Amino acid sequence: MLSCSLGSQWNNFQTVSLLFRQRQATIQQLDHIFQHYSNGIMSSFATKAKVVFVLGGPGAGKGTQCSRIADRFRFTHLSTGDLLREEGSREGSQYGTMIEEHMRDGKILPVDVTCSLLEKAIKSSGNSMFLIDGFPRNQDNLDGWNRRMSSKVDMQFVLFFDCTEEDCVKRCLKRGLNGSGRIDDNLETLKKRIQTYNKHSLPIIQYFQGTGQIKTIDAGPDADQVFSQVESAFLASGF
Ligand SMILES: Nc1ncnc2c1ncn2[C@@H]1O[C@H](COP(=O)(O)OP(=O)(O)O)[C@@H](O)[C@H]1O
Ligand SMILES: Nc1ccn([C@H]2C[C@H](O)[C@@H](COP(=O)(O)OP(=O)(O)O)O2)c(=O)n1
């Protein structure tokens, strides 16, 4: 009699513990499903960072105008050239020599180097609006960006500073004489940079012209006059 009641109690215990485990498993599954769907809903609501690409020949005035845009419209200015120069002079950087050689030869660095620096700068900025100055400068830059970054941000438009070759060279030489300390503000490197620009960067600008994403600015006049065109372009885009 006693062993029979112990036996039925044991059976009850086993049934309850089975039901308990099934309940836990169901809760876990529901949790999983909830998380999956809520992540989807959250990411579709999350606002992506806004990016404006800034292109133009060497010395066209990209940096000068970017710092004014940053002040006026609260963008973070990411100069690709500055990020590369910083990385190049960082003690222990594995890219130091490579960056110096490419810059001196007027060549464009592989996108993985550049894109990693841009991504890091975007993540650490705390802002959500970026001017990406001097990028994408060739097809490799554009392809790498599309692979790694394009789905994470909203590219708004491309600001193109249209400047004559003569003005570009004059401005860079003057920048060098005024003490820029840059290894590429000299006539020998500038000839190579202009060649690189014509061969590799202009096709990217033409590509964006084809997609209707370019806003062209006449970069010939003085910096104030250039900025009034730039300001109009940003205001017209709702900034
Ligand atoms: N509109 C302008 N007219 C004349 N000189 C300019 C103008 N904009 C910039 N500069 C000067 O030309 C040089 C190159 O400008 P910068 O903004 O550094 O060009 P980029 O970033 O395109 O290389 C700088 O010394 C700058 O002071
Ligand atoms: N996307 C980029 C941008 C710059 N670089 C390298 C090669 C360029 O000649 C140098 C200098 O670029 P930077 O944008 O500072 O030059 P400018 O402002 O046009 O005079 O950096 C690059 O390799 N890839």
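These numbers were taken from a predicted model, which means no experiment stands behind them.

Rules behind the numbers
- Residues numbered from 1 in each chain as written.
- Chains lettered and ligands numbered in written order.
- Predicted model: local features only at pLDDT ≥ 70, side-chain atom pairs only at ≥ 80, totals over all residues.
- Heavy atoms only, no water.
- Near = heavy atom within 4 Å.
- Polar contact = N/O pair within 3.5 Å; in protein donor to acceptor, adjacent residues only side chain to side chain.
- Areas by Shrake-Rupley, 256 points an atom, 1.4 Å probe, with all protein chains shown as cover.
- Helix = DSSP H or I, 4+ residues; strand = E, 2+ residues; numbered from the N terminus.
- Nonpolar A, V, L, I, M, F, W, Y, C, P; charged D, E, K, R; others polar.
- UniProt positions renumbered as here; feature names shortened; annotations may be inferred.
- Axes fitted to C-alpha atoms, helices over the stretch in contact; angles between N-to-C directions.
- Parallel < 35°, antiparallel > 145°, perpendicular 65-115°, else oblique.
- Left-handed = near helix turned anticlockwise from the far one by under 90°.
- Contact = heavy atoms within 4.5 Å.

Participant: Just to check I follow, could you spell out the site of ligand 1 for this structure?
Facilitator: Around ligand 1 there are 13 residues in total, and Lys62, Gly63, Thr64, Arg175 and Pro221 lie nearest to it. Here Arg175 contributes a side-chain N or O atom positioned 2.8 Å from an oxygen atom of ligand 1. Relative to its unbound accessible surface of 550 Å², ligand 1 loses 72% to contact with the protein. Residue assignment for the shell around ligand 1 shows that the elements contributing at least two residues are helix 2 (62–73), helix 7 (165–177) and helix 9 (223–236). With three residues, the single largest contributor to the shell around ligand 1 is helix 2. Of the residues in the shell around ligand 1, the class split is four nonpolar, five polar and four charged.

Participant: For this particular structure, what's the right way to read the UniProt feature "binding site: CMP" (unreviewed entry) in the chain?
Facilitator: Listed under "binding site: CMP" (unreviewed entry) in the UniProt record, and renumbered for this structure, are Asn141. A polar contact of 2.9 Å, which involves the side chain of Asn141, links it to the backbone nitrogen of Arg137.

Participant: When you look at the packing of helix 5 (residues 111–125) against helix 6 (residues 139–148) in this model, what are you seeing that I'm missing?
Facilitator: A pair of packed helices is characterised by two quantities: the angle between their axes and the separation of those axes. Running from N to C, helix 5 and helix 6 point in directions that differ by 45°, and their axes come no closer than 9 Å. Put simply, helix 5 runs oblique to helix 6. The way helix 5 lies across helix 6 gives a crossing that is right-handed. Only Asp140, Asn141, Gly144, Trp145, Arg147 and Arg148 of helix 6 make contact with helix 5, whose side of the interface consists of Val111, Asp112, Cys115, Ser116, Leu118, Glu119 and Ile122.

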